[in-house]
Every structure is written in structure tokens, then in C-alpha cells.
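# Results of the structural survey
Spelled out, the chains give:
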Number of protein chains: 2
Amino acid sequence: MEKREELYAGKAKSVYRTDDPERFVLVFRDDTSAFDGEKKEQLNRKGMVNNKFNAFIMEKLEAAGVPTHFEGLLSDTESLVKKLDMIPVECVVRNISAGSLCRRLGVEEGQELNPPTYELFLKNDALHDPMVNESLAESFGWATTEELARMKALTYQVNGVLKQLFDDAGMLLVDYKLEFGRNGADIVLGDEFSPDGCRIWDKATRKKMDKDRFRQGLGDVIETYEEVGRRLGISFD
Amino acid sequence: MEKREELYAGKAKSVYRTDDPERFVLVFRDDTSAFDGEKKEQLNRKGMVNNKFNAFIMEKLEAAGVPTHFEGLLSDTESLVKKLDMIPVECVVRNISAGSLCRRLGVEEGQELNPPTYELFLKNDALHDPMVNESLAESFGWATTEELARMKALTYQVNGVLKQLFDDAGMLLVDYKLEFGRNGADIVLGDEFSPDGCRIWDKATRKKMDKDRFRQGLGDVIETYEEVGRRLGISFD
Ligand SMILES: Nc1ncnc2c1ncn2[C@@H]1O[C@H](COP(=O)(O)OP(=O)(O)O)[C@@H](O)[C@H]1O
Ligand SMILES: Nc1ncnc2c1ncn2[C@@H]1O[C@H](COP(=O)(O)OP(=O)(O)O)[C@@H](O)[C@H]1O
Ligand SMILES: [Mg+2]
Ligand SMILES: [Mg+2]
């Protein structure tokens, strides 16, 4: 497999074509951004940590029956993935209230949500990723009813697997976002699952162990990502 | 039936207890507000116009099989309604893009939405009526899955009736919000349907004939509400 030209450079990763028209290389960079790209920094080792973190999680999910784009690690910061036709909607599950939900609904952070909530956001930086719903997604043609139902079912299936995984390692999976894409007739989990796109708290102390450390200037961002990984059994060197 | 003390004064209507514990009196006032109460005015005759407008629409809906709280006109500005346990969620259907949808999603006003979209907003002025969804409504206990399904079905049933009614009278029903409440085990349409809570455009000229005339300072607000009513066959004197 040969890496060819860069097709797209996102806020944290770059997508490269390969000699296989059905496969891309994802490169995890050290770039870190928050608040729609307003706060930006390079965090040493982040690309490597998130690449390996994501590989571990994607393999767990694949083993649990969730179809993912992940094919294998290529290097410390590169993964081979299936080329997907991405659906421009982020699927968010929340097990515990935090972040934008608290601001929007005026609720306290740290409340258990039962059942866990499910929200859709349009992936659009210029519009600040507005909240949408399945009806809007259908009418604007972002996805079909069937695709949306599949995304929802898979997102909850992921929750069953990952909530337990983090719990077993002494952590709470507070919330996370997933992105899906089309691969032929299938809906496949794409993008990444890493502490950049979820909230993880220590179960005993509720210490924040995710990108909120960066957003809120709490320090030790990557050290804490690595701690999360080590607790799950990921080795980073 | 005897009107007793005022229980609640909203932005545009007041709710009175009666000697019948199962019935309220809704008083339609001339108060008009927009932008979460930031813009406020008294518009002469509005209470009367909206009261009669609402009575006409509620009777049409009831005749079409939609359960409503409306029991009858009591005076120019008062209606007798069934007491409901209101669900604090507004159900919005859009047949054509306009208003907040255009700002949120960066789409042009006046685009036909196919199928018509369905959104939920939490009724909460302090939070500026944030967008929510069925999952949030269930998890926060605002309504059950079954109630939400019924509200959605009724809201679309209303659309079938009213879209045609306005179309036959040379107008486009662009969008509208409904509020529902519980009456025993039933979900019943409450509150009001008037040009205060929907968008109506002239079919030929697309002239705005609803509360956007007030929001946007276009003038002739109540004269235009009355024109809408007259086209539908409502008599205001
Ligand atoms: N398997 C895939 N095929 C095609 N595109 C993908 C795949 N997985 C992720 N992507 C897209 O690649 C980009 C990853 O880079 P990222 O830095 O996260 O970008 P962004 O700033 O757009 O979120 C995202 O736009 C994501 O939707
Ligand atoms: N049948 C009913 N039973 C009880 N409350 C009702 C009924 N119909 C409407 N309401 C409530 O009465 C109030 C009507 O006054 P309004 O001026 O529209 O208030 P608001 O500013 O809260 O929207 C609303 O809060 C509405 O939810
Ligand atoms: Mg991204
Ligand atoms: Mg109201």
C-alpha cells in the first residue's frame, strides 16, 4: 500500500489517498483546537497517542460487531481506513450531563442521564455545529431515514461496549460523538474515538481526563490522555 | 360557568380558574411580544382577533378529528377551554424555510421543505426556548415516548388540515408551533393557533401576513391578521 497525495487537512487529522481507491490513510497530527478553531495549539505526542488510542477502541468495537473503517496501524501517527462517503452529522450520546448540554438547558454538570440522551449536530464550523434532528437531516438530504436509524442503533451499541470498558478501568464515559459514513450499502463508523471527542472522568475523583483539560486550561492534557490509555491497557511506546 | 381568579398571566394570554375544576378561561390580551419578550407593544384589537381566529381554527381541527382543548367563545377576547397539564415543549412544523431555521442552518428563506420538518423546542424564555429532541424530553421527564409520538402524529395531522385550508384561501402556511397537554390519558392540542404563532405568506406575492410584521416592523400587523381571517371566512365583528 502506497500513500499518495493529501486530500483534506481537517482540524486534527489529514486524509491521504492511497494506491487502493477503496482505502485512505488517516494521519493524526499534534494540532489541537477548541471553540470552533478559535483556541489552537500543538500538543506534543498527541497525534501518536490519539492514533493508538483510536486503534485500540476501533478494534474493541469491531470485535463487538460494530462495523468500523479501521484496517490497521501504519505508523505511530498513521492508520489505514476504508474510504467512506461521510455523513455530515455528528451523533452524540450523553451518559452524564456536561458541556454544551448544561449551558443550553440550564442543568447542573454531573447529572446521570437515564436513558442516555442522543443528539445530532450538523458538522459545520462556520455555523458552529448547530443542533439538528432526524427530520431536518432527511429533508435537507444529509441522510435517509434508514441511515439515521442505523446510526442511532450503532451509536447506542457503541455505548454499551464503551461504557463498560471505561467503567472496568475506573472511569466514567460521560459523553462522546461519533461520525459515520457510507461504504456501499453499509453504514460504517468512521473518524476517530479518542479523548479529543469524548468526555471521560475518573470514577472516584471525577477528575477530567479528556479535551476539557485543553478547553479549560487545566494542564497535563496529553499526560492525562496517556493515563486513560494505560488504564485501558494501551501501550504508547 | 363562573370566571374565578387569574392563575397565570403569560406574554399574550391569561389563564383563569372557573367554578368547574376541569375548565379554564383563556383571555387573549392585546399585549404583543417578540425576541423572548425584549420587544413589547399593545396592539389594538389583537386579543379579539386572535381569540376569534383561534376559535375558528380549533373548530376546524376538532372537526377533522384532532382533540383540542377548545370548548367555545365566551366573549370577544375570552374562550372556555379544557384544563390541561401542559407539556413544556413546542412542536414546530415547517413547510417552507424561514426564521430561526435559516439562521441556524445558513439556508435561504422560502425553500420548500420536503418532507415538512418537525422540531421540538423547550418552552423556557430564560433559556431562549432552546432546541431539544425526543431523547432529551424523555430523559429529562418532560414527556414519555408515547406522548411524544402522539404529539408528532397530531402535529402532522394538523399540517394536513391547515396547509390545505390556507392554500384554498390563497395563502401559504410556512410554519407554526403547537403546544399540547395531558387531559387524563389523552394528549390534547392546547394553547392557540393564530398569526402570532405561525408564518403565513400570500401565495402570489409572498407578502408576510403573520407576527413577522411585528418582529420586522413592517406595520399593519392586526389589519393583516384580520385580512388572513377574512380570507378564511372568519368574521371579526
Ligand atoms: N474513513 C473515512 N473516509 C473519508 N473521510 C473520513 C474518514 N474518516 C474520517 N473522515 C473525515 O476526515 C476528517 C478528519 O479530520 P479532522 O481533523 O477530524 O477534520 P474536521 O476538522 O473536519 O473534523 C473529518 O472531516 C472526517 O469526517
Ligand atoms: N388548556 C390549557 N390548560 C392549561 N394551560 C394552558 C392551556 N392552554 C394554554 N395554556 C398555557 O397558558 C399560557 C398561555 O398564555 P401565553 O401568553 O401564551 O403564555 P406564555 O408566555 O407562557 O407562552 C401558556 O403558558 C400555555 O402553555
Ligand atoms: Mg474532526
Ligand atoms: Mg404563548
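Refer to the structure above for everything that follows.
Quick look at the structure, then. Bear in mind the structure is a predicted one, so any value in this text is a computation, not a measurement.

Residues and elements named next belong to chain A. Considering all chains together, one arrives at eight aromatic pairs over all chains under this definition. Ring centres of Phe-140 and Trp-142 lie 5.4 Å apart, and the angle between their planes is 15 degrees; on these two criteria the pair is classed as stacked. Trp-142 matches Phe-140 in its accessibility class, with the two residues each being buried. Here the aromatic cluster, defined as three or more aromatic residues joined through ring pairs, consists of Phe-166, Tyr-176 and Phe-193. Across the ring face of Tyr-16, the terminal group of Lys-3 is positioned such that the distance to the ring centre comes to 4.3 Å.

What follows covers the relation of the copies chain B and chain A. Placing chain B over chain A gives an RMSD of 0.0 Å and needs a rotation angle of 180 degrees, together with 0.0 Å of translation along the axis. When the rotation and shift are considered jointly, the pair of chain copies conforms to a two-fold rotation axis. A share of 100% of the interface residues of chain B reappears at the interface of chain A, consistent with the copies meeting face to face through the same patch.

On to the pairing of strand 1 (residues 3-9) of chain B, then. Pairing geometry for strand 1 of chain B and strand 2 (residues 13-18) of chain B, over four bridges, is antiparallel. Following the sheet pairing, Tyr8(B) is matched in strand 2 of chain B by Val15(B).

With that settled, consider the site of ligand 1. All names here are of chain A. Neighbouring residues of ligand 1: 16 residues in total, closest Tyr-8, Ala-12, Lys-13, His-69 and Lys-123. Here an oxygen atom of ligand 1 sits 2.6 Å away from a polar atom, N or O, in the main chain of Ala-12. Here Lys-13 contributes a backbone N or O atom positioned 2.7 Å from an oxygen atom of ligand 1. In isolation ligand 1 has 550 Å² of accessible area, and contact with the protein removes 89% of it. Contributing elements (two or more residues each) for the shell around ligand 1: strand 2 (13-18) and strand 7 (78-82). A per-class count over the shell around ligand 1 returns seven nonpolar, two polar and seven charged. Each of domain 1 (3-82) and domain 2 (85-220) gives at least three residues to the shell around ligand 1.

The next thing to look at is the site of ligand 2. Residue and element names in this part refer to chain B. Residues in contact with ligand 2 amount to 16 residues; listed here are only the nearest, Tyr-8, Ala-12, Lys-13, His-69 and Lys-123. Within the backbone of Lys-13, one N or O atom sits 2.7 Å away from an oxygen atom of ligand 2. Within the side chain of Lys-123, a nitrogen or oxygen atom sits 2.6 Å from an oxygen atom of ligand 2. The protein chains hide 89% of the 540 Å² of surface that ligand 2 would expose on its own. Of the residues that constitute the shell around ligand 2, the class distribution is seven nonpolar, two polar and seven charged. Composition of the shell around ligand 2 by domain shows at least three residues from each of domain 1 (3-82) and domain 2 (85-219).

Counting residues in hydrophobic clusters, the biggest one holds 120 residues, and the most contacted among them are Phe166(A), Leu232(A), Phe166(B) and Leu232(B). Once residues lying within four places of it in the same chain are set aside, the contact partners of Leu232(B) are Phe53(B), Phe56(B), Ile57(B), Leu165(B), Phe166(B), Ala169(B) and Met171(B).

What counts, and where the lines are drawn
- Residues numbered from 1 in each chain as written.
- Chains lettered and ligands numbered in written order.
- Predicted model: local features only at pLDDT ≥ 70, side-chain atom pairs only at ≥ 80, totals over all residues.
- Heavy atoms only, no water.
- Phe/Tyr/Trp six-rings, centres within 6.5 Å; stacked < 30°, edge-to-face > 60°.
- Buried < 20%, exposed > 50% of the residue type's maximum accessible area, 1.4 Å probe, protein only.
- Lys NZ or Arg CZ within 6 Å of the ring centre and 35° of its normal.
- Least-squares fit on C-alpha atoms with pLDDT ≥ 70 in both.
- Contact = heavy atoms within 4.5 Å.
- Pairing = 2+ DSSP bridges.
- Helix = DSSP H or I, 4+ residues; strand = E, 2+ residues; numbered from the N terminus.
- Near = heavy atom within 4 Å.
- Polar contact = N/O pair within 3.5 Å; in protein donor to acceptor, adjacent residues only side chain to side chain.
- Areas by Shrake-Rupley, 256 points an atom, 1.4 Å probe, with all protein chains shown as cover.
- Nonpolar A, V, L, I, M, F, W, Y, C, P; charged D, E, K, R; others polar.
- Domains from an automatic or database assignment.
- Core = buried A, V, L, I, M, F, W, Y, C linked by side-chain atoms within 4.5 Å.

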